[in-house]
Amino acid sequence: MNLILLGPPGAGKGTQAKNLEERRGLKQLSTGEMLRAAVAAGSEIGRKAKAIMDRGELVSDDIVVSIIADRLNQPDVAKGFILDGFPRNTAQAEALDRMLRSKNLKIDAVIEMKVNDEALIERITGRYTCAKCGKGYHDRFERPKQEGTCDVCGSHEFIRRPDDNEATVRDRLEVYNRQTAPLIDYYGRKGNLRTIDGMADIPDVRRQIEEVLDRA
Ligand code: AP5
């Protein structure tokens, strides 16, 4: 099964994609995570992407399309994949359609996660991750069981993304509304768009997604 999680920054795409990886054996393909890995590695792509990401704008279509094309050639996507943060505009959606056609693959469901903007700001500005294993936490919604210690690996070091400040989040939302939201119509016309309530709590959002997948 192959799906797209579509929603603004902070909608919960990454949270739910990781859940689905564990429960359904699908592979999360997050262009944001891949770009952050390129920045951390200091690669040419990372050097090109860093300033753009820090401003909350979109990295060029050429870069992200080639990243996804490479990933779809890897054997670990054979059981199915979850696109998280891609496509982000109509040109990327069209490029994805061409890629899928050439590989004889299809998207089984596009899940739109509907949320309101003010909740997103609180979600994103409170988010942090373990510096060692990458486990995600939130100041209010998901704290470690023992304060200051990662539940998974025991590390005491945590990091916050440079683009997770309120001003940049507002810019990222504006970019989403202008460039990415038109994909709701794009996939609506194709007939495989399903909309869920992303304002519910994390387990309830997970349940809604499971229902969509069970029917797809
Ligand atoms: P990317 O990494 O894709 O960021 P994003 O789309 O802004 O999404 P986020 O990761 O911020 O949010 P999310 O929906 O995954 O939410 P999460 O689950 O973490 O992109 C970053 C940048 O890379 C872009 O700005 C761009 O520059 C570049 N880029 C990436 N892809 C690109 C592309 N295709 N083209 C061009 N440029 C690209 O949840 C957020 C927080 O809320 C967490 O703390 C979580 O615990 C909490 N939470 C989640 N769900 C709930 C819930 N239901 N209730 C309460 N809290 C919740």
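What counts as what
- Residues numbered from 1 in each chain as written.
- Predicted model: local features only at pLDDT ≥ 70, side-chain atom pairs only at ≥ 80, totals over all residues.
- Heavy atoms only, no water.
- Helix = DSSP H or I, 4+ residues; strand = E, 2+ residues; numbered from the N terminus.
- Buried < 20%, exposed > 50% of the residue type's maximum accessible area, 1.4 Å probe, protein only.
- Pairing = 2+ DSSP bridges.
- Arc of directions from axis to C-beta.
- Contact = heavy atoms within 4.5 Å.
- Phe/Tyr/Trp six-rings, centres within 6.5 Å; stacked < 30°, edge-to-face > 60°.
- Salt bridge = Lys/Arg side-chain N within 4 Å of Asp/Glu carboxyl O.
- Near = heavy atom within 4 Å.
- Polar contact = N/O pair within 3.5 Å; in protein donor to acceptor, adjacent residues only side chain to side chain.
- Areas by Shrake-Rupley, 256 points an atom, 1.4 Å probe, with all protein chains shown as cover.

*Asks:* Before we move on, could you go through the environment of I68 and cite the residues and values that matter?
*Replies:* Residue position: I68 is located in helix α4 (residues 61-72). As a C-alpha pair, I68 and M99 span 31 residues in sequence and 9.2 Å in three-dimensional space.

*Asks:* Outline the pairing of strand β4 (residues 109-114), supporting the account with residue identities and numerical values.
*Replies:* Look at any regular strand and the pattern is simple: side chains alternate between the two faces of the sheet. Among the 6 residues that make up β4, 5 are buried, leaving the element largely enclosed by the rest of the structure. As paired strands, strand β1 (residues 3-6) and β4 are joined by 4 bridges and run parallel to one another. Each residue of the ladder has a partner; that of L5, found in β4, is I111. As paired elements, β4 and strand β8 (residues 193-197) share 5 bridges and run parallel to each other.

*Asks:* Can you lay out helix α2 (residues 31-41) for me, pointing to particular residues and giving the numbers?
*Replies:* The set of residues buried in α2 consists of T31, G32, M34, L35 and A38. End-on view of α2: buried residues confined to an arc of 165 degrees, all on one side of the axis. Among the exposed residues of α2, those oriented more than 90 degrees off its buried face are A40 and A41. Those residues of α2 hidden inside the fold are in contact with β2 (27-30), α3 (44-55), α4 and β3 (81-84). Looking one or two residues past α2, G42 carries a phi angle of roughly 70 degrees, positive in sign.

*Asks:* I'd love a proper account of the packing of aromatic side chains, names of residues and values included.
*Replies:* Evaluation of the coordinates by the stated rule reveals 4 aromatic pairs. Each ring, one from Y128 and one from F158, has its centre 5.5 Å from the other, and the planes form 85 degrees; the classification is edge-to-face. Pair noted here: Y128 is in strand β5 (residues 127-130) and F158 is in strand β7 (residues 158-159), with a separation of 30 residues, a long-range link. Of the residues examined, Y128 reaches a relative accessible area of 9% and is grouped as buried. Relative accessible area serves as the criterion here: at 25%, F158 is assigned to the partly exposed category. Measuring from ring centre to ring centre gives 5.8 Å for Y137 and F158, while their planes differ by 80 degrees; the resulting arrangement is edge-to-face. Of this pair, Y137 sits in strand β6 (residues 136-138) while F158 sits in strand β7, placing them 21 residues apart in sequence.

*Asks:* Tell me about the pattern of salt bridges, and please be specific about residues and values.
*Replies:* Applying the stated rule across the entire model yields 28 salt bridges. Ionic pairing is found between K48 and E44, a salt bridge with its closest N-O pair at 3.5 Å. With K48 and E44 both in helix α3, this residue pair falls 4 residues apart, about one helical turn. Taking the shortest distance from any N to any O, the salt bridge between E147 and R143 comes out at 3.1 Å. Residue R143 is classed as partly exposed on the basis of its relative accessible area of 44%.

*Asks:* Please provide a residue-by-residue account of the site of the ligand, values included.
*Replies:* Looking at the ligand, there are 35 residues lining it, with T15, E57, R88, R127 and R172 nearest. Within the side chain of Q92, an N or O atom sits 2.9 Å from a nitrogen atom of the ligand. Protein burial of the ligand: of its 1,000 Å² of free accessible surface, 95% is covered by the chains. Breaking the shell around the ligand down by element, the ones donating at least two residues are α1 (13-24), α2, β6 and α9 (202-215). With 4 residues, the single largest contributor to the shell around the ligand is α2.

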